[in-house]
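Next come the chains, spelled out residue by residue.
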Amino acid sequence: GRNIYRRLPVLVFYIFYKNIIETLVQYWFTTSAAWSGETPFVQLVINWYNMFYTAIPIIAFAFNDSDLPAEVAEASPAAYQIGLAARWYSHRRFWLWQLEALYFSLVVLY
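It should be emphasised that the depicted structure is a prediction, and the values quoted were computed from it without experimental measurement. (Residues numbered from 1 in each chain as written. Predicted model: local features only at pLDDT ≥ 70, side-chain atom pairs only at ≥ 80, totals over all residues. Heavy atoms only, no water.)

Engineer: Looking at this model, I keep getting lost on the packing of aromatic side chains. Mind explaining?
Structural biologist: How two aromatic rings sit relative to each other is given by the distance of their centres and the angle of their planes. As enumerated under the stated definition, the model contains 10 aromatic pairs in all. Pairing Phe13 with Tyr89 gives two aromatic rings, centres 5.4 Å apart and planes at 25°, and the pair type is stacked. Taken together, the residues Phe13 in helix 1 (residues 2–32) and Tyr89 in the loop between helix 5 (81–84) and helix 6 (91–109) connect sequence positions 76 residues apart. Phe13 gets classed as buried once you look at its relative accessible area, which sits at 1%. Residue classification places Tyr89 among the partly exposed residues on the basis of a relative accessible area of 33%. Ring geometry for Tyr27 and Trp28: centres 5.1 Å apart, planes at 65°, overall edge-to-face. Every member of this aromatic cluster is reached through a ring pair, and the members are Phe13, Phe16, Tyr17, Tyr89, Phe94, Trp95 and Trp97. (Phe/Tyr/Trp six-rings, centres within 6.5 Å; stacked < 30°, edge-to-face > 60°. Helix = DSSP H or I, 4+ residues; strand = E, 2+ residues; numbered from the N terminus. Buried < 20%, exposed > 50% of the residue type's maximum accessible area, 1.4 Å probe, protein only.)

Right, dumping it as structure tokens:
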């Protein structure tokens, strides 16, 4: 219940973040390669990146993330108000993650 309010926005932000980095790196490379159709990665590397390397951090986050013990959260209904007020998800936070992905796509390529 309560932890989903915190974990789900991070999952959504992270999925967009990692895919934007991967896509923009290929886009920046294509523009610098004069639109030749060459790709900076072998397809197998892209598949491994999506399946394993980027899955490990979010799985570790899901298993280890908890700001309150379960007993405290169950005894305090007010602890759920933060999730209902959308404190962890906002459009501003979403776009900040995407701007960071744009920046890191340039860092990865150059």
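From this point, things continue past the structure.
Engineer: Any chance you could explain the nonpolar core here in plain terms?
Structural biologist: A general tendency of soluble globular proteins is for nonpolar side chains to be buried together. Residues Tyr14, Tyr17, Ile21, Val25, Ile58 and Ala101 constitute the largest nonpolar core, which totals 6 residues. A per-element tally of this core places helix 1 first, with 4 residues. Not counting the four nearest positions on each side in its chain, Ala101 is found in contact with Tyr17, Ile20 and Ile21. (Core = buried A, V, L, I, M, F, W, Y, C linked by side-chain atoms within 4.5 Å. Contact = heavy atoms within 4.5 Å.)

Engineer: Quick question: what am I supposed to make of the side chain of Arg6 here?
Structural biologist: Structurally, Arg6 is set in helix 1. The exposure class assigned to Arg6 is buried, which follows from its relative accessible area of 12%. Look past the residues within four positions of Arg6 in its chain and what remains in contact with it is Asp65, Ser66, Asp67 and Trp88.

Engineer: Even after reading the chapter, I still don't get the packing of helix 2 (residues 43–53) against helix 3 (residues 55–64), so can you show me in this structure?
Structural biologist: Packed helices, taken two at a time, are described by the angle their axes make and the gap between the axes. At a minimum axis separation of 5 Å, helix 2 and helix 3 run at an interaxial angle of 10°. Looking at the two axes, helix 2 sits roughly parallel to helix 3. Here helix 2 contributes Asn50, Met51, Phe52 and Tyr53 to the contact with helix 3, which in turn contributes Ala55, Ile56 and Pro57. (Axes fitted to C-alpha atoms, helices over the stretch in contact; angles between N-to-C directions. Parallel < 35°, antiparallel > 145°, perpendicular 65-115°, else oblique.)

Engineer: Can you help me understand helix 6 in this one?
Structural biologist: The end-to-end C-alpha separation of helix 6 is 27 Å, in line with the 27 Å expected for 19 residues at 1.5 Å each. Those residues of helix 6 not exposed but buried are Phe94, Gln98, Ala101 and Ser105. Taken down its axis, helix 6 places every buried residue within 50° of arc, on the same side. Residues of helix 6 that are exposed and angled more than 90 degrees away from the buried face: Arg92, Leu99 and Tyr103. On its buried face, helix 6 is in contact with helix 1. (Expected span 1.5 Å × (residues − 1). Arc of directions from axis to C-beta.)

Engineer: How should I be thinking about the environment of Phe41 in this particular structure?
Structural biologist: Considering the arrangement of structural elements, one finds Phe41 in the loop between helix 1 and helix 2. Note on Phe41: relative accessible area 27%, which makes it partly exposed. Placed 19 residues apart in sequence, Phe41 and Glu22 show a C-alpha to C-alpha distance of 9.8 Å. With residues up to four places along the chain from it excluded, the contact list for Phe41 reads Val25, Gln26 and Ile46.

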